[in-house]
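Structural overview
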Amino acid sequence: MKGLLAVLLASISLTAWADSWAMPNKAGGEIVITTRECPKQKGLLRAYNYKQGGAIQEGCWTVFDEMVQVIWSDGTRYAYPLDSFYKKSTEKKGTNL
């Protein structure tokens, strides 16, 4: 778990790459955290979740006390165990959709 935390924190400082990690959610989709800056909260990173069928919710996240803490766009706050996330992708910034 501390290894993942070190990777997450180290990748935050990289400007050439945008990485993402994910964990399954109860809606048949995933919670995804990225190293992209969150447009709504300075100092936090972008998160989103989606459910089966494609509905997406945006959020902002950080690591606090070895928990991934997310503030979702509807104002709710959740904490998820850091070790529940797996590496989803590594991509260069600007190569998104």
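Small disclaimer: the values here were computed from a predicted structure and weren't measured.

What counts, and at which threshold
Residues numbered from 1 in each chain as written. Predicted model: local features only at pLDDT ≥ 70, side-chain atom pairs only at ≥ 80, totals over all residues. Heavy atoms only, no water. Helix = DSSP H or I, 4+ residues; strand = E, 2+ residues; numbered from the N terminus. Buried < 20%, exposed > 50% of the residue type's maximum accessible area, 1.4 Å probe, protein only. pLDDT = per-residue confidence, 0-100. Disulfide = S-S within 2.5 Å. Phe/Tyr/Trp six-rings, centres within 6.5 Å; stacked < 30°, edge-to-face > 60°. Salt bridge = Lys/Arg side-chain N within 4 Å of Asp/Glu carboxyl O.

The next point concerns unusual backbone geometry. One non-glycine residue, Asp-65, lies in positive phi territory at about 55°. With respect to the helices, strands and loops of the structure, Asp-65 is situated in the loop between strand E4 (56-64) and strand E5 (67-72). A residue is classified by how much of its surface remains accessible, and Asp-65, at 64% relative accessible area, is exposed.

In the predicted model, the protein chain carries a mean pLDDT of 84, and 76% of its residues have values of at least 70. Per-element confidence in the protein chain ranges from a low mean pLDDT of 53 for helix H1 (residues 2-12) to a high of 98 for E5.

Turning to the state of the cysteines, a few remarks are in order. Chemically, a disulfide is nothing more than a covalent bond linking the sulfur atoms of two cysteines. Here the structure, examined in full by the defined rule, presents one disulfide. Each disulfide pairs two cysteine sulfurs, and for Cys-38 the partner residue is Cys-60, the sulfurs being separated by 1.7 Å. You can see Cys-38 sitting in the loop between strand E2 (30-37) and strand E3 (45-50) and its partner Cys-60 sitting in strand E4, a full 22 residues away along the chain. Accessibility assignment for this pair places Cys-38 and Cys-60 in one class, buried.

In total, this model carries one aromatic pair according to the counting rule given. Ring geometry for Tyr-78 versus Tyr-80: centroids 6.2 Å apart, planes at 20°, classification stacked.

What follows is about the pattern of salt bridges. Per the counting criterion, the structure on display carries three salt bridges. Ionic pairing is found between Lys-87 and Asp-19, a salt bridge with its closest N-O pair at 3.5 Å. In this pair, Lys-87 sits in strand E7 (residues 86-92) while Asp-19 sits in strand E1 (residues 17-24), placing the two residues 68 residues apart along the sequence. A relative accessible area of 39% places Lys-87 in the partly exposed class. For Asp-19, a relative accessible area of 7% puts it in the buried group. The partner of Arg-46 in a salt bridge is Glu-58, and the shortest N-O contact between them spans 3.0 Å. Of this pair, Arg-46 sits in strand E3 while Glu-58 sits in strand E4; the two residues are 12 residues apart in sequence, bridging distant segments of the chain. Residue classification places Arg-46 among the partly exposed residues on the basis of a relative accessible area of 22%. For Glu-58, a relative accessible area of 30% corresponds to the partly exposed category.

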